[in-house]
Amino acid sequence: MSEHTPVLIVGAGPVGLALAGELGWRGVACTLIEKTDGAIEQPKMDIVGPRTMEFCRRWGIADWVRDAPYPGDYPQDCVYVTGLNGYELGRECFPGRAQEKCPPQSPQKRERVPQDMFDPILRRFVGTFPHVRLRYGAELMSFAETADGVTAQVRDVATGETRQVSADYLVGTDGGASLVRERAGITMSGNPALTYTTNVMFRCADFPVLHDKGRAYRFIFVGPEGTWLTIVAINGGDRFRMSIVGSADKVTHTEADIRGALARAMGRAFDYEILSVMRWVRRELVADSYGTQRVFIAGDAAHLMSPTGGFGMNTGIQDAVDLGWKLEAALRGWVGDALLRSYEIERRPVAVRNVTEASSNLGRMLATRQRLPPAEIFQAGPAGDAARAEYGRWFTETMRHEWFTLGFHLGYRYDRSPIVCADGTPAPPLPTASYVQTARPGARAPHAWLPDGRSTLDLFGRGFVLLRLGRDAPGSENMERAAAQAGVPLEVIALDLPEVSDLYQRRLVLVRPDGHVAWRADEPPADARAVIDIVRGAGECATLVAPADAEAAGSAIHTVRGGRP
Ligand SMILES: Cc1cc2nc3c(=O)[nH]c(=O)nc-3n(C[C@H](O)[C@H](O)[C@H](O)COP(=O)(O)OP(=O)(O)OC[C@H]3O[C@@H](n4cnc5c(N)ncnc54)[C@H](O)[C@@H]3O)c2cc1C
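Predicted model only: the values in this text are computed from it and were never measured. (Residues numbered from 1 in each chain as written. Predicted model: local features only at pLDDT ≥ 70, side-chain atom pairs only at ≥ 80, totals over all residues. Heavy atoms only, no water.)

### Overview of the pairing of strand S14 (residues 239–244)
Filter applied, for reference: We call a residue buried when its accessible area falls under 20% of the maximum for its residue type, exposed when it is over 50%, and partly exposed in between, using a 1.4 Å probe and counting protein chains only. Here a strand is any run of E in DSSP of at least two residues, a helix any run of H or I of at least four, and the numbering for each starts at the N terminus. Two strands qualify as a pair provided that DSSP identifies no fewer than 2 bridges between them.
Within S14, six of the six residues are buried, which leaves it mostly tucked inside the rest of the structure. For strand S13 (residues 226–233) and S14, the ladder comprises five bridges, and the chain directions are antiparallel. Paired with Ile-231 across the strands is Met-242, a residue of S14. Here S13 folds back onto S14, and the loop between the two strands holds five residues, one of which, Gly-236, carries a positive phi near 65°.

In structure tokens, the structure reads:
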């Protein structure tokens, strides 16, 4: 038996589902296979970042995420304690998600929605597209790549029967142990074992009233040995996840260890039900390549990071959105050679940055193991109070990096992409905690509210958009002609709004289908076709000098060599 699909996606975790949804939304037929039945025994991710929410907004499902059953009034505090019935060392207060405001830089805010609520939302979204096939109980066994496509062997898990599926493109979103990555011969670099950690999901309806620290999202436990345990509120109700953080030394925590840890955290025995145990290795790895001509990897298949920071899935969904429009372009035939190649060039540096930051966050959480707490912080009395105040202040300040990360979520840029036309302006430093919006080519096009209540972000998504900004914006005829000649979908939108002009800083701004700025200028380009060719990956951009030098000299870093079809 054999079938054909334009894109075969392997692995229906959040990233595979997001890619199938993105392609479905673009009208591209695809097949998503998943070897399990889709049940999530232990939800991993629980923070849906603001950029992911912006994608959900574009897909029309932001309300579904907002309305997920994690209670809106559940405080999102992160609390540092010696024990739940011990001492509080510090606290970062955050309101429940219903009370949290959108940051001024975005029409969306992050949402606390764990994977067993978020995956079904993505699945429902995927299910709205009749041209997307989602098959559970279907496992990729092997594949072969040719110049024209891929032939995959897919096993029906229930019957054991194997069928052949041919595809123009194959994308492995098959997680950390990716078969697609392995069979494509792609290696990973970094640190394969930061910690051996044990996660335990437990049910305890009374949990918040068994101690005096109140309802909070996360408790981080500091003992004489430093940070040793965390407990997070998984569903804002009766389910919690305890993580015995562990270390780089391999230890297999037994059930007795687990029960001992819970009793130590509470300060006494209490009633609970263990729902599942997951022993896992925290890694710091990025794939050395993101694919070949016809085979790509995305999500955890391409990068594995410590959950400290909540970047893992969010980085993967950015991969899916970057790859989605490029696959559409390739299948519709308006693509140049550099377009699919730019996927790795754009996305790998973002992964390296996020993986590194996630490890730094882990280092901060475990800084208590270097600067061990003084014995007084575990003792009653004024000396203990003073020691707790000082140590708690330091740890609270140290941990703040992990909680304020807007620059990572919204501020990633594709400065060195071959399909972005640099404009010679100096690159601002990559943002971390805060984020100043920029329309510099390669950056996410900024958000501003429009008079009709939409965001500028609502203008982008399907094809390219050329913004003509200001009353005296130049004409766009040459760009429209060039795009039409090359078959590139282009919409022109004129806006005469001072706040938008201030943010975008040029009178003509070309925004890509993924919402990143591709080109901007005050005047129409002398060679509009050259610009269109660069942004569709047919312009063969070459970096004349190192980008940093070019930026320091205030000169453009790209030149076009031929490249017209
Ligand atoms: C404790 C913890 C907390 C986390 N918190 C966050 C967070 O708050 N925010 C965040 O962004 N990230 C977080 N992460 C990371 C996040 O969970 C992962 O980055 C994310 O799940 C990766 O999604 P994925 O779809 O790439 O891979 P996976 O979720 O691993 O999905 C891969 C899928 O592929 C399937 N598969 C594998 N091989 C095959 C095959 N041969 N054929 C068919 N199917 C196959 C698997 O069954 C699986 O369903 C956390 C991780 C952990 C461990």
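Okay, back to it.
### A look at the pairing of strand S8 (residues 138–145)
Looking at chain direction, S8 and strand S9 (residues 150–156) are connected through seven bridges and run antiparallel. Residue pairing across strands places Phe-143 opposite Ala-152, the latter belonging to S9. Turn length for the S8-S9 hairpin, with the two strands adjacent in sequence and antiparallel, is four residues.

### A closer look at the sheet that holds strand S19 (residues 490–495)
The criterion, for reference: Inter-axis angles, ranging from 0 to 180 degrees, are taken between N-to-C directions of lines fitted to C-alpha atoms, where helices are fitted over the stretch in contact.
Pairing in this open sheet of four strands is mixed, and the strands run S19-S18-S20-S21 from one edge to the other. With partners counted over all chains shown, the strands left at the sheet margins are S19 and strand S21 (517–521), one partner each. Sheet twist, expressed as the mean angle between neighbouring strand axes with direction ignored, is 15°. Where strand S20 (residues 508–511) lies against S21, four bridges are found, and the strand directions are antiparallel. Note on S21: the bridge partner recorded for Val-511 is Val-517.

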